[in-house]
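Below are the chains, spelled out letter by letter.
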Amino acid sequence: MTHKLYYDSAYQQEWQTTILEKSVREDGIYVLLEETAFYPHGGGQPCDAGEINGIPVLDVLLEEDEVLHKLERMPEGMNATCKVDWQLRFDHMQQHSGQHLLSAVCRDLYGANTVSFHMGTDYCTIDVETLDLDPLKLAAIETEVNRKIYENRAISSYYVTPEELAQLPLVKQPKVTKDIRIVEIKCVEVNACGGTHVLSTGEIGIIKIVKTEKQKGNTRLYFLCGFRALVEFNENVRILGALSGKFNTGKDEIMDRIAKWEHEHKLVQTELTGLKEKLDEYLAQELLVESQDVIAQQFEDKSLKDMQNLAMKVASKTDLPILFLSTSESKVVFAHSGQYAQACGAFFKAHLGSYNGKGGGSDKLAQAGFSCGEDAFAFYKFAVAQFTISKRS
């Protein structure tokens, strides 16, 4: 059985040991060490990273109480010099200890027990058994959990027997019946856990709840601890500074400036919509005057939505088929009033595949996009020719 150094001390970063076994599997190269400080996946916590003889450790797995290390390449010899990626390890310690503390505060303040925990690379989450966490309660949780951080309460880990376990005030009983490891935050909580943790709450640094969402009858809390919270804070300060510069105002007035900008933007959009309507009316009349068998037009600056609107406006004034091409977006619109024999969607379905196009629509309006401008133009020319021939025949 591998001697698990991470249970002796989560702070060990380097050590010398012996490689007991090397193996090649379908998914890569693995080694078994006599002793390891590399923590494997488990209990919601990701595995460690680092190096063995300078070779990157890609994954760490626990199989039958043995810790297997997946390496980038096969090491030479049987002696191993190992080094844990300390920045990643300490991040995991901060997040996991922070989760214990946050779960305890949610339970103590509002009776919201944690039912699941996830530690991702960007954020962590817990799901708690309540849907009643309004902003005031979330603020109270955040204040209390950080107060306990500042109190710098000791965090210890130890093993107990089943008999000793029965005497502990655990919220949830562990599934294992031997080698039961307890993590205790002094005067806060006692919990069965196999993860790596800091030695005191002060090392968590800070806990910041960033958002919540409803999840299968529970509330999911997204949170950041320690250096992750610092990175998030620095990024928010950078964005806030950029907005202050953009609107030429102090941070306290940014929301007012954004509200004013949104109002002005809506006025401009309303005016622009009116102008587009007038322009479409003129353009529709011009297209109707110039058309004979089919109304076809290429546009450089019209979006798909604008082409659809114009096509329906023209269709309300004629029974001719209408074909528009956007050269900038490589998209084609086909429309008619309903009096033309060819259904728009059916025509696209029958011919788009030959031009690497994708799309569809109803009998009176269809649209399609193409992988390149050449394909879009080729389909457009083909369709114009088809409708011209059909009309004249």
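Scroll up to find the structure this text is about.
Bear in mind that the values here come from a model prediction, so they are computed numbers and not experimental data.

Read across the open sheet, the 5 strands follow the order E16-E17-E18-E20-E19; overall the sheet is mixed. Two strands in the sheet have a free side with no partner beyond their single neighbour: strand E16 (295-299) and strand E19 (357-361). Averaged over all neighbouring strand pairs, the angle between strand axes comes to 15 degrees, with direction disregarded. In this structure, E19 lies alongside strand E20 (residues 365-370), joined through 5 bridges in antiparallel fashion. Paired with Gly 361 across the strands is Ala 366, a residue of E20.

Now for the side chain of His 92. Position of His 92 relative to the elements: it lies in helix H2 (residues 86-110). Under the relative-accessibility criterion, His 92 is labelled buried at 3%.

This part covers the packing of H2 against helix H5 (residues 226-247). Running from N to C, H2 and H5 point in directions that differ by 95 degrees, and their axes come no closer than 7 Å. Here H2 lies roughly perpendicular to H5, going by the angle between them. Listed contacts from H5 to Phe 90, Asp 91, Gln 94 and Gln 95 of H2 are Gly 226, Phe 227 and Arg 228. Of the residues that constitute the contact of H2 with H5, the class distribution is 2 nonpolar, 3 polar and 2 charged.

The next subject is the sheet that holds strand E12 (residues 180-185). Pairing is antiparallel across the open sheet formed by 3 strands, whose spatial order is E11-E12-E13. Since the sheet does not close on itself, it has two edges, and those belong to strand E11 (155-160) and strand E13 (189-192), each with one partner. Neighbour-to-neighbour, the strand axes of this sheet turn through a mean angle of 25 degrees, independent of strand direction. By the bridge criterion, 4 bridges tie E12 to E13 in an arrangement that is antiparallel.

Non-glycine residue Asn 152 carries a positive phi angle of around 55 degrees. By the element assignment, Asn 152 lies in the loop between helix H3 (135-150) and E11. Phi is positive for Cys 187, close to 60 degrees, though the residue is something other than glycine. In this structure, Cys 187 sits in the loop between E12 and E13.

Cut-offs and rules
Going along each chain's sequence as written, the residues are numbered from 1 onward. pLDDT decides what is reported in this predicted model: residues at 70 or higher carry local features, side-chain atom pairs at 80 or more are listed and counted, and totals for whole chains, interfaces and linings draw on all residues regardless. Water and hydrogen atoms play no part in the side-chain values, which are based on all heavy atoms of the structure. Two strands pair if DSSP finds at least two bridges between them. In this text, helices come from DSSP runs of H or I with a minimum length of four residues, and strands from runs of E with a minimum of two, each type numbered from the N-terminal end. To define axes, lines are fitted to C-alpha atoms, for helices over the stretch in contact only, and angles between the resulting N-to-C directions are given on a 0 to 180 degree scale. Type-normalised accessible area, obtained with a 1.4 Å probe on protein chains alone, sets the label of each residue: buried when under 20%, exposed when over 50%, and partly exposed for intermediate values. The labels follow the angle: roughly parallel below 35 degrees, roughly antiparallel above 145, roughly perpendicular from 65 to 115, and oblique for the rest. Between two residues, a contact is recorded if the distance between any of their heavy atoms is within 4.5 Å. The residue classification treats Ala, Val, Leu, Ile, Met, Phe, Trp, Tyr, Cys and Pro as nonpolar and Asp, Glu, Lys and Arg as charged. All others, Gly included, are polar.

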